[in-house]
Every structure is written in C-alpha cells, then in structure tokens.
2 protein chains.
Amino acid sequence: MTEIRHDVIGIGNAIVDVVVHAEDAFLETEGLVKGAMSLVDAERADDLYDKVGPAVECSGGSAVNTIAGLASLGVRTAFVGKVRDDMLGKVFTHDIRSIGVEFKTAAATDGPATATCLVLVAPDAHRTMLTYLGACVELGPEDIDEDEIAASAITYLEGYLWDPPAAKEAFVKAAAVAHAYEREVALSLSDPFCVDRHRDEFLALVESHVDILFANEDEIMSLYQAESFDKALQHVRGHCRVAALTRSERGSVIVSGDEVHVVDAEPVDHVVDTAGAGGAYAAGFLKGLVDGADLARAARLAGICAAEVISHLGARSEVSLGQLVANKLG
Amino acid sequence: MTEIRHDVIGIGNAIVDVVVHAEDAFLETEGLVKGAMSLVDAERADDLYDKVGPAVECSGGSAVNTIAGLASLGVRTAFVGKVRDDMLGKVFTHDIRSIGVEFKTAAATDGPATATCLVLVAPDAHRTMLTYLGACVELGPEDIDEDEIAASAITYLEGYLWDPPAAKEAFVKAAAVAHAYEREVALSLSDPFCVDRHRDEFLALVESHVDILFANEDEIMSLYQAESFDKALQHVRGHCRVAALTRSERGSVIVSGDEVHVVDAEPVDHVVDTAGAGGAYAAGFLKGLVDGADLARAARLAGICAAEVISHLGARSEVSLGQLVANKLG
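What counts and what doesn't
Residues numbered from 1 in each chain as written. Chains lettered and ligands numbered in written order. Predicted model: local features only at pLDDT ≥ 70, side-chain atom pairs only at ≥ 80, totals over all residues. Helix = DSSP H or I, 4+ residues; strand = E, 2+ residues; numbered from the N terminus. Rg over C-alpha atoms; globule rule 2.2 N^0.38 Å. Buried ≥ 20, exposed ≤ 12 C-beta atoms within 10 Å, placed from the backbone. Pairing = 2+ DSSP bridges. Contact = placed C-beta atoms within 7 Å. Axes fitted to C-alpha atoms, helices over the stretch in contact; angles between N-to-C directions. Expected span 1.5 Å × (residues − 1).

Asker: Please clarify how the overall build of chain A should be interpreted in this entry.
Answerer: Scanning chain A from N- to C-terminus turns up 13 helices and 14 strands. Its C-alpha atoms give chain A a radius of gyration of 18 Å, within 12% of the compact-globule value 20 Å for 330 residues. Burial statistics for chain A: of 330 residues in total, 52% are counted as buried.

Asker: Is there a simple way to think about the sheet that holds strand β11 (residues 212–216) of chain A in this case?
Answerer: What links the strands of a sheet is backbone hydrogen bonding, and the strands pair in either a parallel or an antiparallel sense. Residue and element names in this part refer to chain A. Within the open sheet, the nine strands sit side by side as β6-β5-β1-β9-β10-β11-β12-β13-β14. Their pairing is mixed. Strand pairing shows two members of the sheet lacking a second neighbour, β6 (102–103) and β14 (259–263), which therefore form its edges. Looking at chain direction, strand β5 (residues 77–80) and β6 are connected through two bridges and run parallel. Opposite Phe79, over in β6, you have Phe103 as the bridge partner. Sheet strands in contact with helix α10 (residues 229–236) are β11, β12 (242–246) and β13 (252–256), and its direction is about 25° off that of β13.

Asker: What is the right way to read the sheet that holds strand β7 (residues 115–121) of chain B from this model?
Answerer: With mixed pairing, the ten strands of this open sheet are ordered in space as β3(A)-β8(A)-β7(A)-β2(A)-β4(A)-β4(B)-β2(B)-β7(B)-β8(B)-β3(B). Strands with a single pairing partner mark the edges of an open sheet, and in this sheet they are β3 (37–39) of chain A together with β3 (37–39) of chain B. Here the strands of the sheet are splayed against their neighbours by 25° on average, with no regard to which way each runs. Of the strand pairs in this sheet, β7 of chain B and strand β8 (residues 127–132) of chain B are connected by six bridges, and their pairing is antiparallel. Following the sheet pairing, Cys117 of chain B is matched in β8 of chain B by Thr131 of chain B. Lying over the sheet, helix α4 (residues 87–98) of chain A contacts β2 (15–21), β4 (56–60) and β7 (115–121) of chain A together with β4 (56–60) of chain B, oriented at roughly 55° with respect to β4 of chain A.

Asker: Teacher, can you tell me more about helix α12 (residues 295–310) of chain A here?
Answerer: What sets the pattern is the α-helix's 3.6 residues per turn: residues three or four places apart point alike. Residues and elements named next belong to chain A. For α12, with 16 residues, the first-to-last C-alpha span of 23 Å sits near the 22 Å given by 1.5 Å per residue. With respect to burial, α12 is a largely interior element, twelve of its 16 residues being buried. For α12, the full list of buried residues reads Ala298, Ala299, Arg300, Leu301, Ala302, Gly303, Cys305, Ala306, Ala307, Glu308, Val309 and Ile310. Where the residues of α12 are buried, they touch α3 (62–72), β12, β13, β14, α11 (277–290) and α13 (321–329).

Asker: Where do I start with the interface of chain A and chain B in this structure?
Answerer: Think of interface size as the accessible area that goes away when the parts come together; that is how it is often given. Between chain A and chain B, the residue contacts involve 17 residues of the former and 17 residues of the latter. Residue assignment for the side of chain A that touches chain B shows that the elements contributing at least two residues are β4 and α4 of chain A. Counting residues per element, the side of chain A that touches chain B draws most heavily on α4 of chain A, at six residues. Pairing analysis gives three bridges linking β4 of chain A to β4 of chain B, with the strands arranged antiparallel. Across the sheet, residue Val56 of chain A finds its bridge partner in β4 of chain B, namely Cys58 of chain B.

Bear in mind that shape data such as this cannot, by itself, settle questions of function.
This is the structure in structure tokens:
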C-alpha cells in the first residue's frame, strides 16, 4: 500500500490573473458577457489588454485557488498544471510553492506562453474573465505521475480542464490511477458555460469517475438541463458518493446516498466580491473530509471559508483559514 | 521655438513592484532596514524572492508614480526609462501607456531583465523595498531625445537615477537640453539614503542644474547635513528657483527667492500607507505650476493629492486626482 503523502492533489489550469478595473460600457462595447469566464485566443487577449488600463498581476486558476485554500487550512497538498518557462511561469511557480504546495510539473520549454486570465472588475465588483489558455494546452497524460496520484487521498479537478484537449486525457489517467489505489476523485464543475461546452462528457464522468462533486445551482441545473434546483438534485442523487451543491446566500445541500443535509450559509456582514466563493467552499469541505468530519460539519466548515473569501476583493483568503475555522468551530 | 507637447517629461527607473506581506521578524532575520529602499543584486533579489510568500505584481518606480499622478490630473506627460524586452517590460509598457503617458524609450534587447522592486509590507503597513535595478542600468544619454526634452515644459527626475551609473549622464544631457530651450528642470531627492550615496553630486546639481526641488525633511537635512529642518531651509534658499519641502503631517514649506509659504497638511481621516506620498505631492505641485497657479495654491493642490494616496494601500491614487482636486478647489 502506497503511503499517503498528499491529502489532496489538484490538477488544473496554471494561470496568472491580470486584474484591471473596467466600466460596464467597456464590456458592452467589446461584447463581453458580464460575470462569465470566456476563452480567448492570443490575438484577442492582446487586443483586449491593449485597450484596458493599468493592471495588477497575481496567481490565479480555479483548482489552484482551492488548493491554496487547503494549504491555508493546513492540509498537505500538491498541484499538477502546466506553465511555460517564462517570467509569468516563474511567478506562478513561486507563488504556489511559497504557500507550501508541492508543484513539480515540468514547465514547457517551447510553445505558447504561460496562461493568463484578464479579469475585468466592474464598479459593482462583478468579475468578467477572459482566459488565454496558453501553455495549459500542453498538459497531457505524461504529466501525471502515477506515484503522486497513488500517494494522494483525494485527486481534485476543475471542470475547466476540459477546455484544453489533452488535459482531459491527463484527467482520465489520473482518475484511473486514483481508483486503482482506492483513492477518491473530486470534481468542481467550474461554471455553467463550461458545463454547456462539455455536458455529455461531464454526465458520463459524474456517473462513472467522480466520487465527490462540487457544483453551484446554475451548474447542476445546466448539467441535467433541469428547470429547477430540486429537479437537478433528484438527478444527481446516487450518481456519485457525495454531491455538495452550493446556493449562494441560501447555503448548501449535501447529498450522499440516502443522506441529505441542508446547511445554512455563514452570515457575512457585507458581500464585497463573490469571486472564489466556490473554490473556498470546496477547500473547506475537503478539509472536513480529510479530517474525517461528518458531512454536515464539512459543509459548515466550507461555508465559513466561502464567507471569508466573499467579504473582500480577490478569490483567495486574506487570513489563515486554519485559524479562522479553529476560532469558529473550536 | 519648439512647441510644447508635454507639460512634464519624467526620467526615472522603470520598475515592476513585487508586493508581498512580511512579518517584522523576517526583516530582522534578513538584516533589512525597515521602511527603507535598499539596492540588491540579482542573486540577493532571487534569494529573497524564494523566501517570501505569494506576491502581487504591479508597475512601480518613483518618478513613474509622479508621472502617473500627473496623468490622473489631466497633465500632458511623457516618460523616459529602460526596460528589457521581456514579460515584465511588456507589463510596465502596457501600464504606463494605458494611463495616457507617452513612453517611447527602446527596450533593451539583451543584458539584465526588467527591474523589480520587492516590496515587503509589514503588518503596520510600513514598506521595505529591495530594488534590483536590472535593465535600468542600460539607460544612457542615447535614450534622451533632444526634441522630446525641448518639447517639454518641465523635465522631472528622481534622485534614484544616480544609482545606475549611465543614467546620470542621461540626466546631465537632458538638463542641458532643457535649459538650452529655457525649460525647467525638477528633481526629487527620493530618499535620505539615496542622498547619502550621492551627496556631493546632489549639492552641485541643486546649485547649478535644478530649478524645482522636491525633498522631505529627512532628505533636505541629509543633503546639507543639517541638524534641524530650519537650518536646512536656510541652506536651500536661493539654491534653486523653487524648493518644495514636505514635512508629513506638518504640511510643507515652499521657498522661492524671498517668497516663503508654510502650508498645512490636508486632513486625512486615517493614514493607511504613506508610500507614494512624496510622489503624489510632486504631481500636485507640478500640476499647479503647469496651470500657472501661485506657489501657495500649488502646495495646497499637492497636499490634496498626497492625502489621497496615504489614505489607502499602494503608492498611486485610486480615484481621478483631476476630479478630486476639482471637487476640493473648484
């Protein structure tokens, strides 16, 4: 039996965010869908960058944000994702390693640059994201180290991995290895547009490969093309060991076989920026599972983490989540 | 007579800031002088970067911050500074151009990387800066376009330009051109340690090349090795056309020949981060001069800009300074 060295290993897109302020009028002029994540090619990414104001750069990425949350909770983590051997690749590598996450994926030595996500922050703090996948398209099965997956209790994936074509092969390999070693596979659906792009594959995955599913209301309804949350809920029951379904201020619903929990959202004085809420929720929930907590407690823990992230600008916690949870739950 | 196209052209170090949180204990362990700017070589810069947490990158630089303030005030500006043709050079170039500053200096195609400043933000918001000059050392007289200087009412320089050796030659050339066309030369002393490094040269400059001098209390006392602010004040009178001396919460003193103004600081509800105060003050003051305001009004305008910058984290304004000043002064 391989020893567990990582409680959670994440596989996802390795992205540096380029954050700028943008007026609603700019989004309209450029025909951008406010609040959504859209994929752009290098040319469109450059075109938009030329049109926006001064930016701030910081590491981003959906699964990465969850792994960062787990690291902040004191969980042993690793990450698999592809950067180029360029300056932004160096920035990404520094940032993730500096928070204690093991990151060993070889950087690409040619091909597209490190991925960037142009994040347009509107005056009301809504974020519109334009992702240039760059080097992420180079992630493939060869980047999956079987020993690392075997040594991880949970392999966590983001739905956005289905956008770069070779990455899904990497996922299928990782999932097969994880299950061969009786580990668990978790998936976050990422966003409803992403679900739209890959619905059939996600449906097959949820039935056969995913043990722990994270989805918000829009995503789970999109997956099953259901007209209500409750109808989607009936579909997902039994399709994976645990589904954690988030509903913003209405809290979350956890289903696992016959077990169902409806957990209230953690109160927040003032919601500043909802970006990162889902990622933080997943971090808290996985922390609960890693610690052997029951599902209700894991959901509570998840809600505390999500509440922290939405109470300020930015998708990652500003305080030690481990300390925060200890203060709240003892 | 050459037409004025730029009200102010800045010459300075083109730097990308790498901003991280750091505890006081880390500063002590590494032997760093809290609150100061120190120069580091590439090896030490890498060593420190490896030891700090996740960072946020944004454009920085002392003269650049003043030019950005002027652009926010609606002043026609240009900037001369050296980046490398690398990713951070692209970031710097994008950011400065995106705020309407003309920036045409050719990027270096070999040699050191674009300059970075590792900014360590302590829990009390004090900033300790470690600057790796990188490509800035490549700035030389060949980068000074005589037509651009001739077309600028004021040429503004930062004291930090004396650190990269060839840059001071660029400055001497720019000052000579400016004076040949009866333009004015402004200098900010940057910081008291910088004054210590280059005292004799700064003394000669202030006597013969500088029309408008910006210095804070520590800097002007360091320049004249004076034991009190008042003694330094007596020294500087008559050495340049205008000296604007800032004293934090005690406001500023403007001397110009026989004219002296003692102007109170603009009230601030809560001082969050004093970084950028001097640069914003210089921007407001130069805006006043460009508009033909009297010295007292220029100082008031300067104080308003400084107050805005110290009321939040970061060295640049978060609102349109032009709008702010219009609201306050009509």
